[in-house]
Amino acid sequence: MATYSLANERLRALEDIEREIGAILQNAGTVILELSKEKTNERLLDRQAAAFTASVQHVEAELSAQIRYLTQVATGQPHEGSSYSSRKDCQMALKRVDYTRLKLSDVARTCEQMLEN
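Residues numbered from 1 in each chain as written. Predicted model: local features only at pLDDT ≥ 70, side-chain atom pairs only at ≥ 80, totals over all residues. Heavy atoms only, no water.

**Student:** Can you help me understand a nonpolar patch on the surface in this one?
**Tutor:** On the surface, L11, L14, L63 and I67 cluster together into a nonpolar patch covering about 350 Å² of accessible area. Looking at the nonpolar patch, the elements with two or more residues in it are helix 1 (2-35) and helix 2 (42-74). In this structure L11 comes out as partly exposed when scored by relative accessible area, which is 49%. (Patch = residues over 30% accessible without salt bridge, like charges linked within 9 Å, V, L, I, M, F, W, Y side chains within 5 Å. Areas by Shrake-Rupley, 256 points an atom, 1.4 Å probe, with all protein chains shown as cover. Salt bridge = Lys/Arg side-chain N within 4 Å of Asp/Glu carboxyl O. Helix = DSSP H or I, 4+ residues; strand = E, 2+ residues; numbered from the N terminus. Buried < 20%, exposed > 50% of the residue type's maximum accessible area, 1.4 Å probe, protein only.)

**Student:** Please clarify how the domain arrangement of the protein chain should be interpreted in this entry.
**Tutor:** Many analyses report the size of an interface as the accessible area lost when the parts associate. Annotation of the protein chain at the domain level lists domain 1 (1-77) and domain 2 (78-116). Domain 1 and domain 2 are separated by 47 Å when their C-alpha centres are compared. (Domains from an automatic or database assignment.)

**Student:** Mind showing me how you'd approach the environment of K37 here?
**Tutor:** One can find K37 in the loop between helix 1 and helix 2. A relative accessible area of 43% means that K37 is categorised as partly exposed. Put simply, K37 and D89 are 52 residues apart on the chain and 62 Å apart in space, counted from C-alpha to C-alpha.

**Student:** Sorry if this is basic, but what is going on with the packing of aromatic side chains here?
**Tutor:** Centre-to-centre distance and the angle between the planes together describe a pair of aromatic rings. In total, this model carries zero aromatic pairs according to the counting rule given. Sitting over the face of the ring of Y69, R10 holds its NZ or CZ atom 3.7 Å from the ring centroid. (Phe/Tyr/Trp six-rings, centres within 6.5 Å; stacked < 30°, edge-to-face > 60°. Lys NZ or Arg CZ within 6 Å of the ring centre and 35° of its normal.)

Written out as structure tokens, the structure is:
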């Protein structure tokens, strides 16, 4: 149950970031529209530029946090609700077992050949 709430929380955070990006694009559009006029409203441009900068910084910080989280999950560091590390360890152990079987089979074949000669 906790895993689902954590996943939902992460999805909500990404949705908030998406809305913030929409606001960034809207601010940029407003600035471009204002700049296309013969007489620009300097106060509006300053407010929109400040809002744009603040939004971009917020989105950058939130996306960095999301990337750090995904990096931790993907690198096998302990994480509540994630079984990726355990599955990865199990897969690697199975590969080592297969490799060991193959090498033991080669050794057995070599021993048999030496006994026959």
